[in-house]
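What the coordinates show
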Amino acid sequence: MVRGRFAPSPTGPLHFGSLVAAVGSFLEARRHGGEWLVRIEDVDGPRARPGAADLILRTLERYALLWDGPVLYQSQRGEIYRAALERLVGAGLAYPCTCTRRELAAYPRSRDGSPIYPGHCRNSPQPSARPPAIRLRVNDTPVSFYDAVQGSHRQCLERDIGDFVIRRADGCFAYQLAVVVDDDAQGITQVVRGSDLLDSTPRQIYLQRLLGLPLPTYAHLPVVADNTGQKLSKQTGAPPLDLEQPTAMLWAALDFLGQAPPSALWRASPKTLLAWACCQWRLEHVPIASSRPWPAAFLSGNLSSRHE
């Protein structure tokens, strides 16, 4: 059974960039007769906004992006993550680290902006009254994988990332660990998401191999950028999806993904447009790019400007 997923963080309402990721993952699963699951990635409790998860689910329903099975909430899965963490620590594959962000600020940065860990606590953590984070030991064997949109990728974790955090000092489990454990629990066979997460994939593959988990296939879609080249996000003030004009937004998402939706479907129902898209969807038509700009007029709500 082909099984894909959409895994938003409940830090605010969905925006056009979120919709692009949801549509791409939905159609790739449905095109192959598979299931599409929804996971709320609220493992980072302090960042979650009250009511955001429910709003996300209502928005998906309004856009006819209907999921299979129950919604999985990471905030309810702490014991599952803890068991995986204990396996890694018990096997000597992870260790406590008391380094602070300030202490690591001067070190070179990886492509995602985090400092490349120099290994200060690898043999033994430095004395500290602070609770430790837990880091995963990496090695110098490159991790290679083929991305169905972006092509072949290869990364040396030791050189490019360093030992990375899988549980933070505040006790929150890190995204990299949670997503790997959850993809296995949900039986995910394909991961279709934004290219801003492409650099996380080698870390997740490394974890999957250590834990003896099956590897899904990966496809990273271009992310939506504004006219300045900045990624559209909640942090940059992206407007929420319009609940009154879902078809127009879906049409634009398909256009962004290179699927050339016909103008005749501009005013169809979301269900009708997605039925067309399920038959016509081709992953190979998605532009090979890490990001694509989209008109500011459209992003601010002038939907007709894009169609015209």
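Quick note: structure is the one above.
Residues numbered from 1 in each chain as written. Predicted model: local features only at pLDDT ≥ 70, side-chain atom pairs only at ≥ 80, totals over all residues. Heavy atoms only, no water.

Here's the deal with the overall build of the protein chain
Spelled out, the test is: In DSSP terms, a helix is any run of H or I states spanning at least four residues, a strand is any run of E spanning at least two, and both are numbered starting from the N terminus. For the exposure calls, accessible area comes from a 1.4 Å probe over protein chains only, and a residue counts as buried if that area is under 20% of its type's maximum, exposed if over 50%, partly exposed in between. In this description, contact between two residues means that some pair of their heavy atoms is separated by no more than 4.5 Å. Using a 1.4 Å probe, the Shrake-Rupley method yields the accessible areas, and only the shown protein chains count as cover for residues.
Scanning the protein chain from terminus to terminus reveals eleven helices and twelve strands. Viewed in the frame of its principal axes, the protein chain has a C-alpha envelope of about 65 × 40 × 40 Å. The buried share of the protein chain, taken over its 308 residues, is 49%. Residue pairs at least 24 apart in sequence account for 76% of intrachain contacts in the protein chain once pairs closer than 6 positions are excluded. Surface summary for the protein chain: the accessible area is close to 14200 Å², and the carbon and sulfur share equals 52%.

As for the environment of Ala94
Mapped onto the fold, Ala94 is located in strand E4 (residues 94-97). C-alpha of Ala94 to C-alpha of Val165: the two residues are 71 residues apart in sequence and 9.1 Å apart in space.

Here's the deal with the packing of helix H8 (residues 246-256) against helix H9 (residues 270-280)
Inclusion rule: Lines fitted to the C-alpha atoms define the axes, with helices restricted to the stretch that makes contact. Angles between their N-to-C directions range from 0 to 180 degrees. Convention used here: angles under 35 degrees read as roughly parallel, angles over 145 as roughly antiparallel, angles from 65 to 115 as roughly perpendicular, and any remaining angle as oblique. Crossings are sorted by hand: turned counterclockwise from the far helix by less than a right angle, the near helix makes the crossing left-handed, and turned clockwise it makes it right-handed.
With their axes 9 Å apart at the nearest point, H8 and H9 run at an angle of 20° to one another. Comparing the axis directions of H8 and H9 gives the class roughly parallel. Note on packing geometry: the crossing formed by H8 with H9 is right-handed. Contacts from Pro246, Thr247, Leu250, Trp251 and Leu254 in H8 reach Pro270, Leu273, Leu274, Trp276 and Ala277 in H9.

Description of the sheet that holds E4
Rule in force here: What makes two strands pair is DSSP finding at least two bridges between them.
Read from one edge to the other, the open sheet built from three strands follows the order E4-E5-E8, with strand pairing classed as antiparallel. The strands lining the two open edges of the sheet, one partner per strand, are E4 and strand E8 (164-167). Strand-to-strand, the axes of this sheet are offset by a mean angle of 45°, without reference to chain direction. Note: strand E5 (residues 133-136) against E8, three bridges, orientation antiparallel. Bridge pairing in E8 links Arg135 to Val165.

Some remarks on the pattern of salt bridges
Put simply, the rule is: What makes a salt bridge here is a side-chain nitrogen of Lys or Arg within 4 Å of a carboxyl oxygen of Asp or Glu, nothing more.
For the coordinates displayed, the defined rule picks out 16 salt bridges. Linking Asp68 and Arg30 is a salt bridge whose minimum nitrogen-to-oxygen distance equals 2.8 Å. Of this pair, Asp68 sits in the loop between helix H2 (52-62) and strand E3 (72-73) while Arg30 sits in helix H1 (residues 16-31), and the two are 38 residues apart along the sequence. Residue Asp68 is classed as partly exposed on the basis of its relative accessible area, which comes to 25%. Take Arg30: its relative accessible area is 24%, and that puts it in the partly exposed class. The partner of Arg39 in a salt bridge is Glu41, and the shortest N-O contact between them spans 3.3 Å.

Overview of the pairing of strand E7 (residues 151-155)
Sheet topology places strand E6 (residues 143-147) next to E7; five bridges connect them, and they run antiparallel. For Asp147, the partnering residue across the bridge sits in E7 and is Gly151. Joining the antiparallel neighbours E6 and E7 is a turn of three residues.

Topic: the sheet that holds strand E2 (residues 35-40)
Spatially, E1-E2-E3 is the arrangement adopted by the three strands of the open sheet, whose pairing is parallel. Looking along the sheet, the strands with just one partner apiece sit at the ends: strand E1 (3-6) and E3. Note: E2 against E3, two bridges, orientation parallel. Opposite Arg39, over in E3, you have Leu72 as the bridge partner. Of the strands in this sheet, E1, E2 and E3 touch helix H6 (residues 175-185), which is tilted by about 145° from E2.

Let's talk about unusual backbone geometry
With a phi angle near 60°, Ala64 is a residue other than glycine that sits in the positive phi range. Its place among the elements puts Ala64 in the loop between H2 and E3.

Considerations on the packing of aromatic side chains
Aromatic ring pairs: the centre-centre distance and the angle between the two ring planes describe each pair. Basically, it comes down to this: The pairing test for Phe, Tyr and Trp rings, Trp by its six-membered ring, is centres within 6.5 Å, and the orientation test on the planes gives stacked under 30 degrees, edge-to-face over 60, and tilted for anything in between.
For the structure shown, the criterion picks out six aromatic pairs. Seen from their ring centres, Phe145 and Tyr218 are 6.2 Å apart, and the 65° between their planes marks the pair as edge-to-face. Remark: Tyr218 occurs in strand E10 (residues 217-221) and Phe145 occurs in strand E6; sequence separation between them is 73 residues. Residue class for Tyr218 comes out buried when judged on its relative accessible area of 4%. In textbook terms, an aromatic cluster arises when at least three aromatic residues are bridged by ring pairs, as seen for Phe6, Phe26 and Trp36.

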